[in-house]
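# Tertiary structure, described
One-letter residues, chain by chain:
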Amino acid sequence: MVVGFDDVYEAADHVPMMLANDLIGLEGFDVRLVQQMAAKRMNLENIELLPPGGGWLLAEVGAETDAQAREKAHGPYAPPPRPAPDIVQKINYEEWGK
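Residues numbered from 1 in each chain as written. Predicted model: local features only at pLDDT ≥ 70, side-chain atom pairs only at ≥ 80, totals over all residues. Heavy atoms only, no water.

### Re the overall build of the protein chain
Rule in force here: Every helix listed is a DSSP run of H or I at least four residues long, and every strand listed is a run of E at least two residues long, numbered separately from the N terminus. Here's how the labels work: a residue is buried when its accessible area is under 20% of the maximum for its type, exposed when over 50%, partly exposed in between, all with a 1.4 Å probe on protein chains only. By definition, residues are in contact when any of their heavy atoms lie within 4.5 Å. To be clear on the numbers: accessible area is Shrake-Rupley with a 1.4 Å probe, and residue cover counts the displayed protein chains and nothing else.
Along its length, the protein chain carries six helices and three strands. Along the protein chain, from the amino end to the carboxyl end, the secondary structure elements read β-α-α-β-α-α-β-α-α. Residues classed as buried in the protein chain amount to 24% of the 98 residues present. In the protein chain, of all internal contacts separated by at least 6 residues, the share reaching a separation of at least 24 is 79%. By element, 53% of the accessible surface of the protein chain is carried by carbon and sulfur atoms, the whole surface being about 7000 Å².

### Some points on the packing of aromatic side chains
Under the convention used in this document: Each aromatic pair joins two rings of Phe, Tyr and Trp (for Trp, the six-membered one) with centres within 6.5 Å, and gets the label stacked for planes under 30 degrees apart, edge-to-face for over 60, and tilted for any other angle.
Evaluation of the coordinates by the stated rule reveals one aromatic pair. Considering the side-chain rings of Phe29 and Trp56, the 5.3 Å spacing of their centres and the 25 degrees angle between planes classify their relative orientation as stacked. Taken together, the residues span a long stretch of sequence, with Phe29 in strand β2 (residues 23-30) and Trp56 in strand β3 (residues 55-61) at a distance of 27 residues. For Trp56, a relative accessible area of 4% puts it in the buried group.

### Some words on helix α3 (residues 31-39)
The criterion, for reference: What the arc covers is the set of directions going from the helix axis to the C-beta atoms.
Looking only at α3, the buried set comprises Val34, Met37 and Ala38. Looking straight down α3, one finds its buried side chains confined to an arc of 100 degrees; they lie on one side. Of the residues trailing α3, Arg41 is marked for its positive phi of about 60 degrees.

### So, the nonpolar core
For the record, the criterion: Take the buried residues of types Ala, Val, Leu, Ile, Met, Phe, Trp, Tyr and Cys, join any two whose side-chain atoms come within 4.5 Å, and each joined set is a nonpolar core.
Of all hydrophobic cores here, the largest spans seven residues; its members are Val3, Phe5, Ala11, Met18, Leu23, Leu57 and Ala59. Looking at this core, the elements that each hand over two or more residues are β1 (2-5) and β3. Setting aside its immediate chain neighbours within four residues, Leu57 contacts Met1, Val2, Val3, Phe5, Ala11, His14, Val15, Met18, Leu26, Glu27 and Gly28. Counting residues in hydrophobic clusters, the runner-up holds six residues, among them Val34, Met37, Ile47 and Trp56.

### Thoughts on unusual backbone geometry
Excluding glycine, residues mostly carry a negative phi; peptide bonds, for their part, are mostly trans. Look at Arg41: it is not a glycine, yet its phi comes out positive at around 60 degrees. Within the secondary structure, Arg41 is located in the loop between α3 and α4 (44-47). Looking at Arg41, the relative accessible area reads 47%, which means it is partly exposed. Backbone geometry at Asn43 places phi at a positive 55 degrees, although glycine is not the residue there. Mapped onto the fold, Asn43 is located in the loop between α3 and α4. Given a relative accessible area of 38%, Asn43 falls into the partly exposed group.

Right, dumping it as structure tokens:
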């Protein structure tokens, strides 16, 4: 699962809570990586799938079935869902490429 935060620092604050889950991997990245990918036209279709924010945690859970993985991803230590803003700004790839 990917969880969006306002920035990478807020994401880092949530790492201990995320590590309380039964994760097989946890990675963090910020808007700079997304900007660099967009400037190189890499994974453009996947960038748009990111939840709103400027910093993200990518948590990997392992399980025998898809249902078990989903249960773990939404377990008691999972971060609360963040409401999407009323207006989601589209990524301006041309501006990032400058």
